[in-house]
Amino acid sequence: MSFFNKLFSKKKKNSDKSVFDKDSVADKSLEKSISKEVPSKEVKELIDKQTNVNLVKKAVKNKKDEIFSEPKKNNFIKKLFNKEKKESLNKGLKISSESFFSKISKAIVGKSKVDEEVLDELEEILISSDVGVKTTLKIIDRIENRVAKDKYINTNELDLILKEEITAIIKNSDEIIENFTIINDKKPHVILVVGVNGAGKTTSIGKMASYYKSLGLKVVIGAADTFRAAAIEQLEVWANRVKVDLIKQEMGSDPASVAFDTLESAIKKDADVVLIDTAGRLHNKANLMNELGKIKRVLKKKNSDTPHEVILVIDGSTGQNAFEQAKQFTKVTEITSLLVTKLDGTAKGGVVLGISDQFQIPIKFIGIGEKIEDLQIFDKKEFVDSFFKKS
């Protein structure tokens, strides 16, 4: 029995004169049109002639709702979206991946099993890929334990073992992936963005604003890096591009004052997310610490729970310098998550593994290209999968 007949079967039992006759032209035309999701012009004319127009419209709406809520269609859209993101991720990590595996291939050529010599070679490869010494040693120790336990592991299994161990050491909160809309009961959700000049902080703020807006959230940006006129101008360009509000003052203004004005404006406008840029003068840690401390104190006057997040933006293309940036900023302020930029065009993608492991700070976003959509939510399984993808 068709959808339409099922819908009206009870009506037909209770009434000698049904609105629709099973064999009528109207019934067949309407049912055919509904199955195509949108009524045709012919059917609309037929609907107008029916005695119970509201019931017919309701039937059409219900059918459309059923069509658009089908799990298969939703899954298809989801897969399509994931496919596009995945292709971008594969492309962004291509250089790091090719560099890493070309070294691995040379190290195991002519070898049939994973022995001490292979592990020594692997240790050098990981360190040269900017994974970091401590994290590298941790990975090697784990592989050595597996080799000792399994007695024999051939070189063909090395990729799989490496993939499993690297996935295991990356700090990535499941909540970031599954509950990423981030809205609290007490909005707006305030995010302080910190990082050295040149790491891509300002651009990342613009892309984050675009991301949150795409979720249907109202975003306000605060230009609290008042020491650089270029930073304010850049944010203005991004705010206009993304079509979100920007709160700014003159260059040299008090950053805490800008932060306060931003939060106050966001509350009045019933905004969902506040992104506040901050100065990146890491060479003067004392001033930076005082400045961030003051911004936090001022924000708490408006909302005692703010800031809800402090995101550190680091340049992934700088390798070991990114480690140093993370180290210095964690001394100055509490960091809740990381945003790693410029992972495309570099062979230093391994830095993500080391920083996540050594600082035990979850990675929230990664930048894998120039396009606005090239800022992606970090999913460690997808990241490692793309990193291990061979062309």
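Before reading further, recall that the structure is shown in the block above.
Figured I'd write up the structure that's included with this text. (Residues numbered from 1 in each chain as written. Predicted model: local features only at pLDDT ≥ 70, side-chain atom pairs only at ≥ 80, totals over all residues. Heavy atoms only, no water.)

**Some details on the pattern of salt bridges**
Tallied over the entire structure, the rule returns 17 salt bridges. Note that K269 and D245 form a salt bridge whose closest N and O atoms lie 3.1 Å from each other. You can see K269 sitting in the loop between α13 (255-268) and β4 (273-277) and its partner D245 sitting in strand β3 (residues 245-247), a full 24 residues away along the chain. On the accessibility criterion, D245 (31% relative accessible area) is partly exposed. Residue D254 is joined to K294 by a salt bridge in which the shortest nitrogen-to-oxygen separation is 2.9 Å. A residue pair is termed long-range when its members are at least 10 positions apart, and D254 in the loop between β3 and α13 and K294 in helix α14 (residues 285-302) qualify at 40 residues. Within the structure, one salt-bridge network assembled from shared partners comprises R142, R146, E164 and E165. (Salt bridge = Lys/Arg side-chain N within 4 Å of Asp/Glu carboxyl O. Helix = DSSP H or I, 4+ residues; strand = E, 2+ residues; numbered from the N terminus. Buried < 20%, exposed > 50% of the residue type's maximum accessible area, 1.4 Å probe, protein only.)

**Things to note about the sheet that holds β4**
One open sheet accounts for eight strands, arranged β3-β2-β4-β1-β5-β6-β7-β8; its pairing is mixed. The sheet is open, and its two borders are formed by β3 and β8 (375-377), each paired with just one other strand. Sheet twist, expressed as the average angle between the axes of neighbouring strands with direction ignored, equals 25°. In this structure, strand β2 (residues 219-223) lies alongside β4, joined through five bridges in parallel fashion. Bridging from a neighbouring strand, V219 pairs with V273 of β4. On the sheet, helix α11 (residues 201-214) packs against β1 (189-194), β2, β4, β5 (309-315), β6 (337-341), β7 (363-367) and β8 and is oriented at approximately 175° with respect to β4. (Pairing = 2+ DSSP bridges. Axes fitted to C-alpha atoms, helices over the stretch in contact; angles between N-to-C directions. Contact = heavy atoms within 4.5 Å.)

**Some details on helix α8 (residues 133-150)**
In this model, α8 (18 residues) spans 26 Å end to end at C-alpha, consistent with the 26 Å of a helix rising 1.5 Å per residue. All of the buried residues along α8 are T135, T136, I139, I140, I143 and V147. Along the long axis of α8, the arc covered by the buried residues comes to 130°, so they all point the same way. Along α8, exposed side chains directed more than 90 degrees from the buried face belong to K134, N145 and K149. Where α8 is buried, its residues meet α7 (116-128), α9 (158-169) and α16 (351-359). (Expected span 1.5 Å × (residues − 1). Arc of directions from axis to C-beta.)

**Brief notes about the packing of α7 against α8**
Following both chains from N to C, one finds α7 and α8 inclined at 150°, their axes separated by 9 Å at the closest point. It follows that α7 is roughly antiparallel to α8 by the angle criterion. Relative to α8, α7 is oriented so that their crossing is right-handed. On the side of α7, the interface is formed by L119, L122, E123, L126 and I127, while α8 contributes V133, T136, L137, I139, I140, I143 and E144. The residue inventory of the contact of α7 with α8, partitioned by class, reads nine nonpolar, one polar and two charged. (Parallel < 35°, antiparallel > 145°, perpendicular 65-115°, else oblique. Left-handed = near helix turned anticlockwise from the far one by under 90°. Nonpolar A, V, L, I, M, F, W, Y, C, P; charged D, E, K, R; others polar.)

**Here we look at unusual backbone geometry**
Between T306 and P307 the backbone carries a cis peptide bond, its omega angle lying at -10°. Take P307: it is sitting in the loop between α14 and β5. In this structure, D270 is a non-glycine residue whose phi angle is positive, near 55°. Within the secondary structure layout, D270 lies in the loop between α13 and β4.

**A look at helix α12 (residues 229-242)**
Relative to the 20 Å expected for 14 residues at 1.5 Å per residue, α12 spans 20 Å between its end C-alpha atoms, a close match to the ideal helical length. Taken residue by residue, α12 has A231, I232, L235, W238, A239 and V242 as its buried positions. For α12, the buried positions fall inside an angular range of 125° around the axis, keeping them on one side. Summarising the geometry of α12, the exposed residues directed more than 90 degrees from the buried face are V237, N240 and R241. In the core, the buried residues of α12 are packed alongside α11, β2, β3 and β4. Positive backbone phi, at 65°, marks K243, one or two positions downstream of α12.

**Description of the pairing of β4**
Extensive coverage of β4 is indicated by the burial of five of its five residues. Burial along β4 is two-sided: V273, L275 and D277 and V274 and I276, pointing in opposite directions, are all buried. Taken together, the five bridges between β1 and β4 define a ladder with parallel strand orientation. By the bridge assignment for β4, I191 is matched with L275.

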